[in-house]
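As a plain string of letters, each chain reads:
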Amino acid sequence: MGAEAERKIRILIAKPGLDGHDRGAKVIARAFRDAGMEVIYTGLRQTPEMIANAAIQEDVDAIGMSCLSGAHMYLFPRVIELLRERGADDIVVFGGGTIPDEDIPKLKAAGIAAVFTPGARTTEAIEFVRRNVKSKAV
Amino acid sequence: MSEKKDLKRIEQEKERWEADTLKPTLKNTPERAERFTSVSMTPVERLYSPADLAGWDFIREVGFPGEYPYTRGIHPTMYRGKLWTMRMFAGFGTAAETNRRFKYLLEQGQMGLSTAFDLPTLMGYDSDHPFSAGEVGKCGVAIDSLADMEALFDGIPLGEVTTSMTITSPASVLWAMYIAVCEKQGVPYHNAGGTIQNDILKEYIAQKEYIYPIEPSVRLVTDTVLFGAYHLPRWNTISISGYHIREAGSTALQELAFTLADGMVYVEEAIKAGLEVDAFAPRLSFFFDCHNDLFEEVAKFRAARRLWARVMRERFRARDPRSWLLRTHAQTAGVALTAQQPYNNIARVAIQALAGVLGGTQSLHTNAMDEAMALPTEEAATIALRTQQIIAYESGVTNTVDPLAGSYYVEKLTSQMEAGAWEYFRKIEDLGGMIRAVERGFPQREIADAAYSYQQAIEREEKIIVGVNRFTADEEPPIPLLSIDREAEARQIDRLQQLRRSRDKDVVMRSLDALRQAAVGRDPWGKDLLMPKILDAVRAYATLGEIMGVFREVWGEYTEPHII
């Protein structure tokens with residue numbers, strides 16, 4: 001139980017699709033790391049399959065995806081589908097990028113737990129992960 | 001000698017002022033912060049005076065416009081003679097849809113075209129490739145073959161407009177398609193004018209739309225430089241770009257230094273391939289960001305011209321003054337736009353655009369207020385264009401050349417920028433040159449560090465972003481956004497598959513075989529030049545994915561070192 005409580009939160013930061021804008025992904029990856037989490041960064045150009053595989057193999061608690069190409073409506077829900085198919089839907093999935101407000105409810109309905117748009121603070125994302133991953137562990 | 005005496009007097013006066021006037025004021029009303037910094041986190045002094053410019057020589061550092069070292073601008077009359085080209089970047093959905101937006105922008109007084117491509121096109125994949133799923137037509141127009149390029153420029157006389165194409169890894173192929181459309185329109189090669197971005201080094205550093213390993217990629221770029229030098233004298237074959245470096249989070253100085261360092265690589269490579277420097281250097285152009293910090297940005301543009309002139313003349317021994325000129329496009333900083341209170345972005349863009357104009361840019365794209373969320377609507381893009389027109393026709397800043405010259409602050413900043421860039425050039429040389437530095441991740445790490453410290457400064461509220469970490473609003477009325485028709489992808493795939501059925505397969509295969517042979521060999525003196533082979537393949541309606549696939553096969557793909 002003690003070991004369980006001390007286990008660091010493991011988080012996968014992923015860049016799905018062809019988009020190469022990685023400033024946000026790198027900034028958030030560093031912020032999570034500085035907040036004491038274990039961060040795995042996939043690098044660029046990951047298919048939803050690659051992301052789901054990496055998440056399962058690395059046994060992460062959460063996946064943060066960043067997409068600035070406008071393809072989030074296809075890519076984000078596809079990752080959720082794949083996780084569900086493989087029984088890994090306990091992984092908390094959130095996303096960020098240039099995402100119009102009107103898409104956010106649809107993404108949430110598809111199982112994306114939170115969406116952070118330009119201007120969001122890294123601390124908001126950190127708090128979100130702490131809150132949601134913790135409640136999962138109980 | 002009297003100058004030294006003057007300087008001494010000024011310094012004494014400054015000390016007196018600090019004691020008599022400043023000190024009591026600071027005691028009663030301290031300043032808002034202990035230290036003031038630019039948006040690049042560079043310290044800014046309270047006050048600048050001639051004392052900050054000791055040893056500074058007007059003729060050597062600034063001089064006159066249209067003359068070496070071009071600090072004041074590349075034309076003697078600058079905007080009194082001709083305004084900058086207002087060039088708005090556009091592209092979405094299919095070629096036919098973007099063609100309509102192009103025609104609309106031309107009717108609104110835009111002066112040149114600028115094409116945004118979707119990610120599959122930028123990455124050299126056809127629209128029906130599995131990696132393209134969900135991305136077709138999203139952040140730009142989808143182009144799979146010459147047939148799409150014909151539709152994109154349908155009814156637009158390519159001998160009369162100039163066209164910029166923001167594409168890099170597949171730049172040679174898209175350029176070949178454009179040239180083929182010129183052939184069909186009967187526009188002679190020497191009348192075709194425009195720019196391909198084609199700056200592959202900045203892809204490894206910042207934008208990350210690389211495909212092949214660095215060396216063959218640089219070869220492809222050099223190939224286009226050679227082809228342009230021989231056949232298309234009005235074409236800018238590389239737009240050496242700082243924009244993406246800055247957008248990835250660099251400082252203004254890093255943007256300047258890494259961009260010029262990239263430029264020097266292209267010059268060296270073209271010389272190695274056998275060209276005289278003056279045969280191609282006049283066709284190199286640049287592309288910089290204009291961010292929020294007005295004076296820092298102006299200094300960056302001025303320092304860029306001075307540095308490039310010195311590098312080209314002194315290091316590369318260019319004799320043609322046109323080789324010394326740093327001609328540049330500029331775009332306002334997308335990274336500075338906020339999704340919160342989007343109308344505020346109109347004001348940001350106006351300040352950024354003003355920086356580009358005061359910096360002496362040759363062409364300018366202004367971002368639309370809605371671009372932190374989506375591609376711009378027609379209305380938002382129109383406001384952005386009108387912003388440029390207001391600066392051009394109402395503000396008065398175009399009436400005189402380089403109006404900020406002689407400002408103690410701006411001249412000091414310009415000199416600091418130049419000195420800082422030389423320092424970076426030395427570091428890069430110590431690492432074995434820019435290609436080695438990029439392979440080792442040096443510029444990438446510098447940029448990631450700068451991006452992270454800026455984000456932290458925002459979160460500590462050392463940097464204030466209106467509407468984001470101050471003056472926030474709870475409820476914001478939504479603004480209309482452009483949504484890309486989801487059917488566009490299916491339509492584009494249909495169109496592509498129809499093309500594959502209707503073209504002459506043997507001609508396509510033969511052209512691709514010839515290209516493969518050229519890619520395997522390497523003869524910079526012409527036999528294995530790739531551009532003519534690419535042109536043949538394009539004319540045969542080989543697709544972008546097929547052509548880029550040949551190179552993928554021969555050269556392999558690049559994977560980047562992970563740097564967080």
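Note that the coordinates shown come from a computational prediction; the quantities given were computed from them, not determined experimentally.

With that out of the way, let us pick up the overall build of chain A. The secondary structure content of chain A amounts to six helices and five strands. The N-to-C order of helical and strand elements in chain A reads α-β-α-β-α-β-α-β-α-β-α. Relative to the compact-globule value of 14 Å for 138 residues, chain A shows a C-alpha radius of gyration of 14 Å, a close match. Sorting the 138 residues of chain A into buried and exposed places 53% on the buried side. Within chain A, residue pairs in contact and separated by at least 24 positions form 71% of the contacts whose partners lie at least 6 positions apart.

Residue and element names in this part refer to chain B. In this model helix H6 (residues 171–185) runs 21 Å from its N-terminal to its C-terminal C-alpha over 15 residues, within 8% of the 21 Å that 1.5 Å per residue would give. Along H6, the residues that are buried comprise Ala171, Ser172, Val173, Leu174, Trp175, Ala176, Met177, Tyr178, Ile179, Val181 and Cys182. Of the surrounding elements, those touching the buried residues of H6 are helix H5 (146–152), strand S3 (163–166), strand S4 (194–196), helix H8 (214–231), helix H21 (530–539) and helix H22 (544–555). Where H6 terminates, the next one or two residues include glycine 186, which has phi positive at roughly 75°.

Once that is clear, we can look at the sheet that holds strand S7 (residues 284–290) of chain B. Ordered in space as S5-S4-S3-S2-S1-S9-S8-S7-S6 (chain B), the nine strands form an open sheet in which the pairing is parallel. Edge positions in the open sheet fall to strand S5 (235–236) and strand S6 (238–241) of chain B, since each of these has one partner strand only.

Each partner contributes to the interface: chain A provides 27 residues, whereas chain B provides 33 residues. Looking at the side of chain A that touches chain B, the elements that each hand over two or more residues are helix H2 (23–34), helix H4 (72–85) and helix H6 (122–137) of chain A. Broken down by element, the side of chain A that touches chain B gets its largest block of residues, five residues, from H2 of chain A. Looking at the side of chain A that touches chain B, its residues break down into 10 nonpolar, 10 polar and seven charged.

Take H2 of chain A next. All names here are of chain A. Spanning 12 residues, H2 covers 16 Å between terminal C-alpha atoms, matching the ideal 16 Å at 1.5 Å per step. A large share of H2 lies buried, amounting to 10 of its 12 residues. Among the residues of H2, those classed as buried are Arg23, Gly24, Ala25, Lys26, Val27, Ile28, Ala29, Arg30, Ala31 and Phe32.

The next thing to look at is the sheet that holds strand S2 (residues 38–41) of chain A. Residue and element names in this part refer to chain A. The five strands lie next to each other as S2-S1-S3-S4-S5, forming an open sheet whose pairing is parallel. Of all the strands in the sheet, the pair left with one neighbour each is S2 and strand S5 (114–116). When the angles between neighbouring strand axes are averaged without regard to direction, this sheet yields 20°.

Residues and elements named next belong to chain A. Extensive coverage of strand S1 (residues 10–14) is indicated by the burial of four of its five residues. Bridge count between S1 and S2: four bridges; the pairing is parallel. The residue of S2 that forms the bridge with leucine 12 is isoleucine 40. Taking the sense of rotation as the criterion, the β-α-β connection linking S1, H2 and S2 turns out right-handed.

Another aspect to go through is the pairing of S7 of chain B. Residues and elements named next belong to chain B. For S7, the buried fraction is high: seven of the seven residues fall into the buried class. A two-sided burial pattern is seen for S7, the buried positions comprising Leu284, Phe286, Phe288 and Cys290 on one face and Ser285, Phe287 and Asp289 on the other. Two elements, S6 and S7, share four bridges in a ladder whose sense is parallel. Along S7, the bridge assignment pairs serine 239 with serine 285. With five bridges joining them, S7 and strand S8 (residues 328–332) adopt parallel strand pairing.

What follows concerns unusual backbone geometry. Residues and elements named next belong to chain B. The residue after tyrosine 68, namely proline 69, is reached through a cis peptide bond having omega 0°. Tracing the sequence through the fold places proline 69 in the loop between helix H2 (58–61) and strand S1 (85–90). Backbone geometry places glutamate 461, a non-glycine residue, at a positive phi of 65°. With respect to the helices, strands and loops of the structure, glutamate 461 is situated in the loop between helix H18 (442–459) and helix H19 (487–502). When the 10 C-beta atoms within 10 Å are taken as the criterion, glutamate 461 is described as exposed.

All right, on to the environment of proline 342 of chain B then. All names here are of chain B. Among the structural elements, proline 342 can be located in the loop between S8 and helix H14 (344–358). Classification of proline 342 by C-beta neighbours within 10 Å gives buried; the count is 22. Filtering out sequence-adjacent residues up to four positions away, proline 342 remains in contact with Met369, Asp370, Ala372 and Ile479.

Within chain A, residue pLDDT values average 90, and 92% of them lie at 70 or more. The secondary structure element of chain A with the lowest average pLDDT is helix H1 (residues 2–6) of chain A, at 53, and the one with the highest is S1 of chain A, at 97.

What follows is about the packing of H8 of chain B against helix H10 (residues 252–272) of chain B. All names here are of chain B. With their axes 10 Å apart at the nearest point, H8 and H10 run at an angle of 70° to one another. Put simply, H8 runs roughly perpendicular to H10. The crossing of H8 and H10 is right-handed. Counted together, Val218, Val221, Thr222 and Val225 of H8 and Tyr266, Glu269 and Ala270 of H10 form the full contact between these two elements.

Quick notes on the rules
Residues numbered from 1 in each chain as written. Chains lettered and ligands numbered in written order. Predicted model: local features only at pLDDT ≥ 70, side-chain atom pairs only at ≥ 80, totals over all residues. Helix = DSSP H or I, 4+ residues; strand = E, 2+ residues; numbered from the N terminus. Rg over C-alpha atoms; globule rule 2.2 N^0.38 Å. Buried ≥ 20, exposed ≤ 12 C-beta atoms within 10 Å, placed from the backbone. Contact = placed C-beta atoms within 7 Å. Expected span 1.5 Å × (residues − 1). Pairing = 2+ DSSP bridges. Nonpolar A, V, L, I, M, F, W, Y, C, P; charged D, E, K, R; others polar. Axes fitted to C-alpha atoms, helices over the stretch in contact; angles between N-to-C directions. Right-handed = clockwise from strand over helix to strand, strands pointing away. pLDDT = per-residue confidence, 0-100. Parallel < 35°, antiparallel > 145°, perpendicular 65-115°, else oblique. Left-handed = near helix turned anticlockwise from the far one by under 90°.

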